[in-house]
Each structure stands twice: as C-alpha cells, then as structure tokens.
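Chain residues, written in single-letter form:
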Amino acid sequence: MRILAKLFASFFILCVTALLVLAVLFHTRYSTALFHHVVSPWLPGDLSAKQVVYHWRQPLSLTLTKPSYRVGPQHWQADRLRVQLDATRLPRIHWLRVDGLAIDLTESTPPPSLDMLPASVQIGRVLFNDLDLIGQGWQARHVSAQLDEWQKGDSPWGSVRGRAQWEAKHIDWHGLTLSHALLDATPSSKGWQLNGLSFQWQRAAFSAQGQWQPGALALSQLTISNAIVDSEQTQQQLREALSHWPSDTQLTIDRADVRQLSAETDRLSVNALTLSAEQLVFSPQSPWWHQPQLRASFNADYIRWQGHTWEQPLGELERRGDNWIVNQLTSQWHEGFIAISGQFSPQTWQIDRLRANGLTLSRERLSPLISALPDWPHHIVVTDLSLKHNEWLALSPQFPVKVDGIDIDGRDLRVSRDQQWQLRDGTLTASASYASINQQWLAEPYLRLEANDGHVNLRQLLLGFPDGQLAASGQWNYNTPSLPWSFQVDGLNVPLSLYQSWFNWPLPLSGFHDLQGQWSGLASDTESFNVGLSGTLAATLLDGHADVMPDKGWPARISEWFQKTPAKQRQSQSFPFAQLSLKADRGDITGILQGETSVSIDWPIYQTATPRVR
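As the structure is a prediction and not an experimental result, all values here were calculated from the model.

Quick look at the overall build of the protein now. What the protein contains, in helices and strands, is seven helices and 41 strands. Compactness check: the protein gives a C-alpha radius of gyration of 44 Å against a globular reference of 25 Å for 614 residues, more than 25% above the reference. In terms of its C-alpha atoms, the protein occupies a principal-axis envelope of roughly 160 × 45 × 40 Å. Within the span of the protein, comprising 614 residues, buried residues form 39% of the whole. Contacts spanning at least 24 positions in sequence make up 44% of the contacts within the protein whose residues lie at least 6 apart.

Below, the structure written as structure tokens:
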C-alpha cells in the first residue's frame with residue numbers, strides 16, 4: 001500500500017513538473033514549435049500558427065497569430081485566434097475570439113462546416129472581428145459578432161443558446177449596398193427574436209424589431225428614414241434585390257413608419273412622404289398591394305400621379321376585407337382643395353363627406369384619373385356633398401363649354417347603375433356665376449333635384465340668358481320599367497339658336513322666342529319614347545331669321561332642314577312666322593306655324609324621322 005502511494009505521488013509530481021516545464025517553454029521562443037508538436041496532434045485536422053503567445057498570468061488563455069487550419073477539403077485562415085478555458089468547467093471554453101477570418105459560402109466551394117468538432121463542445125462566448133462572409137450574390141465585409149452560449153450539438157454550424165450580436169460595416173446584397181448593419185437577436189422556441197435590426201442604404205436609415213422563423217418574418221416595428229429613390233438605376237437595384245426574397249417566406253409588419261421619403265418614377269413621384277402603416281402582409285402568393293387588414297396614415301409635400309400634382313396631401317385609411325375605409329383624405333389640387341371620407345367596396349361607395357373648393361376641372365384632367373380607378377360600383381351614396389367656387393372647362397372646337405363659380409350641394413344622395421346612372425334618393429342643388437355653352441351665354445344658372453326611392457323631381461331649372469330666362473321642372477320614375485316622365489317649361493326671350501347649338505337639332509334659326517309647354521312620356525328606350533310622347537307647346541317667335549334655300553317655298557324649306565343634304569346654298573332670311581303651336585298625342589305630333597303665311601306640321605315620330613310640312 002505504501003509502495004502504491006509512493007507511485008501515485010511520483011506520478012502526480014511528474015505531471016505537475018511536466019506542466020510547469022510546458023508553461024515555462026511556452027514563454028520562450030520555442031512556444032510555437034512546442035504547440036505544433038504537443039498540442040496540434042491532439043486536434044482533428046492540421047492546425048498551425050505563425051506565432052503562439054502564452055503568459056503565466058493567464059494560464060488558461062492562448063493566442064495564435066496567423067492560424068491556419070486544414071481538415072479534409074476545408075481550409076480556414078485568420079489573422080489571430082485567442083482562446084480561454086473556463087476554470088470552473090474544464091474543458092469548457094470560456095471565450096473564443098477570431099480576427100480576420102473569411103468564410104466562402106458560395107456554391108463554387110464545398111460548403112464549410114464544423115462537423116469535425118465533437119458534439120459536446122461548448123463555448124461561453126464566441127467573438128468575431130473583421131470577419132468577411134461571401135455568399136451567392138451577396139457578401140458582408142468587416143463583420144463583428146458576439147455569440148453567447150454556443151454549442152456544437154448536431155448542427156453543422158452549431159447553435160447559439162444565448163444572445164447574438166452582429167455588426168457589418170458593408171453588405172452587398174445582389175447589387176444593393178448596405179452599410180453600418182447591426183443585429184441583436186436571441187433564440188426562441190421556433191426561430192429568433194430580433195431585438196434590434198438596423199442598417200443604412202444610401203442616405204436612408206432602416207431599423208426593425210420582430211421575430212424570424214422558417215417561412216415567416218414577423219416585424220413588430222419597421223422604421224425607414226430619409227430614403228430617396230431618384231433614378232432608374234436605383235429602382236432597378238431595388239427590383240433586383242427584392243426579386244431574391246425567398247419565395248417561401250411571408251413578411252408581416254405590425255407597424256411601419258416611413259419618414260421623409262422621396263421617390264421619382266415614371267408613374268409616381270413623391271416628396272417628403274411621412275407614412276405610418278399597421279398590419280402589413282407581404283405573401284409570395286399575393287400581390288404586394290393586397291393588404292386585407294391595413295391601417296395607414298400619411299402626409300407629404302406633394303405627390304405626382306397620372307400627370308397631376310397633389311400638394312400637401314393628408315390621409316388616414318383602413319382596409320377591412322374588400323372594403324377601404326377612408327377616415328380622412330385631403331389635398332391641394334389645381335390651385336384648389338379637395339377632401340373626402342367614406343367607405344369603398346366593389347359594390348358600393350359610401351362617401352360620408354366630399355368637399356372640393358376652387359378647382360379648375362376638365363375632361364382632359366379627369367380622364368387619366370378615372371381610367372386609373374377600379375371598376376365603378378353599382379351604388380354610390382354621398383351623405384354630404386359640397387363643391388364651392390369651381391370651374392369647368394371643355395374647350396373643344398366643336399362644343400366649347402366654360403362654367404365658372406360652380407357651387408353644388410347634396411344631401412343623402414344615392415346613385416345606382418342600371419344600364420345608366422340613376423339618382424334614387426337625396427337632394428341636389430347646383431348653381432354657377434356664369435356659363436358659356438357652345439356660344440350660348442348664361443347668367444347664374446340654377447338647378448334643384450329631389451329624389452325619394454327612385455321618384456325624381458326636377459324642382460327648378462333656371463337658365464338666365466342675356467335678355468331672357470328659361471324655367472323648367474319635371475318628374476320621372478325609375479321604379480317603373482317604362483320610366484314615365486313629365487316636363488314643364490316656361491321661357492321669355494329665349495334664343496332660338498339654342499336648339500341647334502346645344503342639341504344639334506336641324507333648326508337653323510336665330511332670334512328669340514317666348515314659350516310655354518308641358519310634355520310627358522316614357523323613356524325606357526327609343527321606341528317607348530316615340531309612342532309615348534304627349535303634350536303641348538306654344539311659342540311666340542321674336543325677330544326670327546332662318547337659313548333656307550332661296551328658291552323654294554316655306555314648307556319645302558322647313559322639310560329640307562330634316563333631310564340629310566348639304567347646306568351650302570342656304571341663305572339667311574327673315575322667318576315670317578310669329579306663332580308656333582304643337583300638340584303630341586302618343587307620338588303623333590301636329591302643329592301649325594302662323595304669321596305672314598301659315599304652315600301645318602304632321603309628324604308621327606314612331607313611323608318616320610322627318611315631319612310632313614305643308
């Protein structure tokens with residue numbers, strides 16, 4: 001027993017002496033050779049270093065300069081490697097630091113892995129400095145990282161059980177250059193919790209928080225500041241980079257804030273846009289604009305779209321399924337102001353409030369906007385409509401129109417589309433300061449319409465001419481398939497040229513007339529109108545002149561107006577009639593012109609397109 005004790009004591013003394021000798025030798029110029037002959041053979045593969053540094057004050061720490069490690073087809077090289085063992089949990093590594101390492105992840109080389117390490121290897125903290133990562137179409141330069149509680153396990157690269165922090169000074173992702181990228185993450189049960197992610201692109205700053213797991217990136221917050229997209233090259237870079245987004249990964253954003261975004265594209269330009277959006281979903285199976293639960297608010301210096309500039313736009317909107325809810329949308333536009341709010345679905349537009357003040361509009365300005373809108377719904381409901389001090393221009397050589405000082409007020413309007421638009425409910429009034437409609441001057445025209453469940457009343461239509469006035473009223477019923485209607489008119493000193501210039505009727509007359517009449521009929525189609533027209537009209541002609549064929553009598557002259565023959569030989573002559581009386585009975589129109597001579601008119605419009613005048 002005494003001999004066994006002496007042998008054990010001698011072995012212990014020998015081991016301690018050997019360790020002391022090794023420690024002393026590591027402090028000499030033989031430390032590198034000693035490491036190669038004593039330590040390297042115990043490791044898988046071939047590990048060499050240009051210099052090995054060891055100090056007795058840190059007995060569990062070792063530094064390798066220019067380490068090179070080969071195992072199979074893999075070759076790892078770095079500027080420096082430092083390792084320190086954990087004195088309380090040997091042989092666990094307390095921390096490991098690698099400087100100046102480059103890892104090639106492209107398909108041109110065998111994919112690197114750490115399978116040569118035992119699954120039991122644990123490192124309390126792994127530190128990287130000046131790390132370069134090269135992948136297929138991307139690379140990250142000058143990367144620093146801190147990985148806590150790393151364990152080899154069964155994974156080729158091991159796994160991190162604690163906090164992971166990454167910093168990259170330069171990242172090139174498929175032509176998109178990012179800088180000052182930072183990532184702070186911790187592992188979760190299904191993936192990673194992203195405590196903080198930030199980077200810069202050009203002059204823009206991006207930051208985000210969220211979670212990642214295979215097939216899904218869920219950001220709780222995304223902030224983009226001072227982004228500028230002002231060239232076709234930048235747009236192409238963005239499209240190229242985004243095209244490499246994984247086809248099986250869905251992106252969701254609980255809240256996104258965009259600050260001072262400026263962009264210039266062929267279709268859309270925006271300056272100093274500030275946007276806040278919630279519940280964004282980008283799925284590979286759906287277009288990017290499909291956002292079923294979106295909530296957003298925005299403002300900007302201006303937005304240019306479809307050739308129009310919207311200054312100081314301000315909006316707040318939501319998406320619920322197929323419905324868009326516009327809580328607020330305002331903008332300065334064409335030296336005026338427009339505001340709208342309501343709910344919009346493919347079937348119904350429920351406009352709670354529509355304001356438009358000081359606008360100058362025309363068909364040319366509105367056509368691009370209307371063509372860019374989705375299909376019109378079946379119903380449009382407007383609770384409150386107010387258009388003030390607007391102008392309409394239609395400067396067509398064939399039919400020029402200018403209306404200034406337009407005021408329109410509407411309450412509880414409901415318009416439905418059944419082959420044509422129909423006012424079903426509500427009250428509408430419209431007026432203008434003046435109007436010029438195909439050379440006809442009007443002063444302060446006025447219109448008032450009232451509708452109740454498809455019954456429409458034209459309460460008042462007033463047209464003020466330079467020396468006269470026309471007043472009209474009427475009713476029609478959309479609930480009956482035949483669309484019955486009635487119309488009453490009363491005018492003083494109304495221009496006779498009105499019929500040809502406005503309605504293109506073949507009546508080449510000038511002068512004035514007083515008139516009074518009432519008509520009724522059906523309006524479901526042309527045939528119903530022709531067989532249903534009834535009523536009377538009495539007119540007094542004042543200073544009338546007509547363009548006629550000089551070598552014919554008045555019956556032939558008037559008949560010729562309705563013929564499709566050239567009018568090159570017509571001459572203006574005094575119209576010798578002072579009174580006109582018309583009566584219609586179910587499409588059969590009869591009448592008489594009286595004055596210096598008399599002419600009778602017989603016109604069954606359901607049979608012929610031209611009257612018989614004699």
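We now examine the packing of aromatic side chains. Per the stated rule, a full pass over the model turns up 17 aromatic pairs. Judged by centre distance (5.0 Å) and plane angle (10°), the ring pair of Tyr434 and Trp441 falls under stacked. Of the residues examined, Tyr434 reaches a relative accessible area of 22% and is grouped as partly exposed. Ring geometry for Trp554 against Phe577: centres 5.9 Å apart, planes inclined by 80°, an arrangement best described as edge-to-face. Here Trp554, found in helix α7 (residues 554-561), pairs with Phe577, found in strand β38 (residues 577-585); they are 23 residues apart in sequence, far enough to count as distant. Looking at Phe577, the relative accessible area reads 3%, which means it is buried. Every member of this aromatic cluster is reached through a ring pair, and the members are Phe465, Tyr499, Trp502, Phe503 and Trp505. The positively charged end of Arg557 is found above the aromatic ring belonging to Trp554, 4.7 Å away from the centroid.

All right, on to the side chain of Glu318 then. Checked against the element boundaries, Glu318 lands in strand β22 (residues 308-320). A distance of 3.1 Å separates the side chain of Glu318 from the side chain of Asn327, its partner in a polar contact. If we skip the residues at most four places from it in the chain, Glu318 touches Leu294, Arg295, Asn323, Trp324, Ile325 and Asn327.

With that settled, consider unusual backbone geometry. A positive phi angle is found at Asp130, which is not glycine, with a value near 55°. Mapped onto the fold, Asp130 is located in strand β9 (residues 122-135). What makes Asp130 partly exposed here is its relative accessible area of 30%. Notably, His142 is not glycine yet its phi reads approximately 55°, a positive angle. In this fold, His142 is placed in strand β10 (residues 138-151).

Now for the sheet that holds strand β5 (residues 74-77). Backbone-to-backbone hydrogen bonds join strands into a sheet, with any given pair of strands oriented parallel or antiparallel. Read across the open sheet, the three strands follow the order β1-β4-β5; overall the sheet is antiparallel. Two strands bound the open sheet, and with one partner strand each, they are β1 (46-48) and β5. With strand direction ignored, the average angle separating the axes of adjacent strands in the sheet is 10°. Strand direction decides the pairing type here: β1 and strand β4 (residues 68-71), joined by three bridges, are antiparallel. Bridge assignment links Asp46 to a residue of β4, and that residue is Arg70.

Another aspect to go through is the pattern of salt bridges. Enumeration over the complete set of coordinates arrives at 19 salt bridges. Taking the shortest distance from any N to any O, the salt bridge between Asp257 and Arg255 comes out at 3.1 Å. Assessed through its relative accessible area of 31%, Arg255 is described here as partly exposed. Across the salt bridge formed by Arg459 and Glu450, the nearest N and O atoms sit 2.9 Å from each other. Owing to a relative accessible area of 47%, Arg459 belongs among the partly exposed residues under this scheme. Counted as one network, the salt bridges with shared partners bring together Arg255, Asp257 and Glu278.

When we look at burial in helix α3 (residues 232-242), the residues that qualify are Thr234, Gln235 and Ala241. Along the long axis of α3, the arc covered by the buried residues comes to 130°, so they all point the same way. At its buried positions, α3 is contacted by β12 (164-173), β13 (176-187), β14 (192-201), β17 (228-229) and β18 (250-264).

Parameters and conventions
- Along each chain, residues carry numbers from 1 onward, in the same order as the chain's sequence is written.
- In view of the model being predicted, local features appear only for residues whose pLDDT reaches at least 70, and side-chain atom pairs are presented and counted only at 80 or more, with totals across whole chains, interfaces and linings using the full set of residues.
- With hydrogens and water excluded, all non-hydrogen atoms of the structure serve as input to the side-chain values.
- In this text, helices come from DSSP runs of H or I with a minimum length of four residues, and strands from runs of E with a minimum of two, each type numbered from the N-terminal end.
- To get the radius of gyration, use the C-alpha atoms; to get the globule rule, take the number of residues to the power 0.38 and multiply by 2.2 Å.
- Using a 1.4 Å probe on the protein chains alone, a residue whose accessible area is under 20% of its type maximum counts as buried, one over 50% counts as exposed, and one in between counts as partly exposed.
- Contact criterion: two residues are considered in contact whenever any of their non-hydrogen atoms come within 4.5 Å of each other.
- Pairing of aromatic side chains here covers Phe, Tyr and the six-membered ring of Trp, requires ring centres within 6.5 Å, and sorts the geometry by plane angle: under 30 degrees stacked, over 60 edge-to-face, intermediate tilted.
- Distance and angle both matter: a charge sits over a ring if NZ of Lys or CZ of Arg is within 6 Å of the ring centre and within 35 degrees of the ring normal.
- We call two N or O atoms a polar contact when they sit within 3.5 Å, provided that within protein one can donate a hydrogen and the other can accept it, with sequence-adjacent residues counted only if both atoms are side-chain atoms.
- For two strands to count as paired, DSSP must find a minimum of two bridges between them.
- Note on geometry: axes are lines fitted to C-alpha atoms, helical ones only across the stretch in contact, with angles between N-to-C directions running from 0 to 180 degrees.
- Note on definitions: salt bridges are taken to be side-chain nitrogens of Lys or Arg within 4 Å of carboxyl oxygens of Asp or Glu.
- Throughout, the arc means that of the directions going from the helix axis to the C-beta atoms.

The analysis is restricted to geometry; functional conclusions fall outside its scope.
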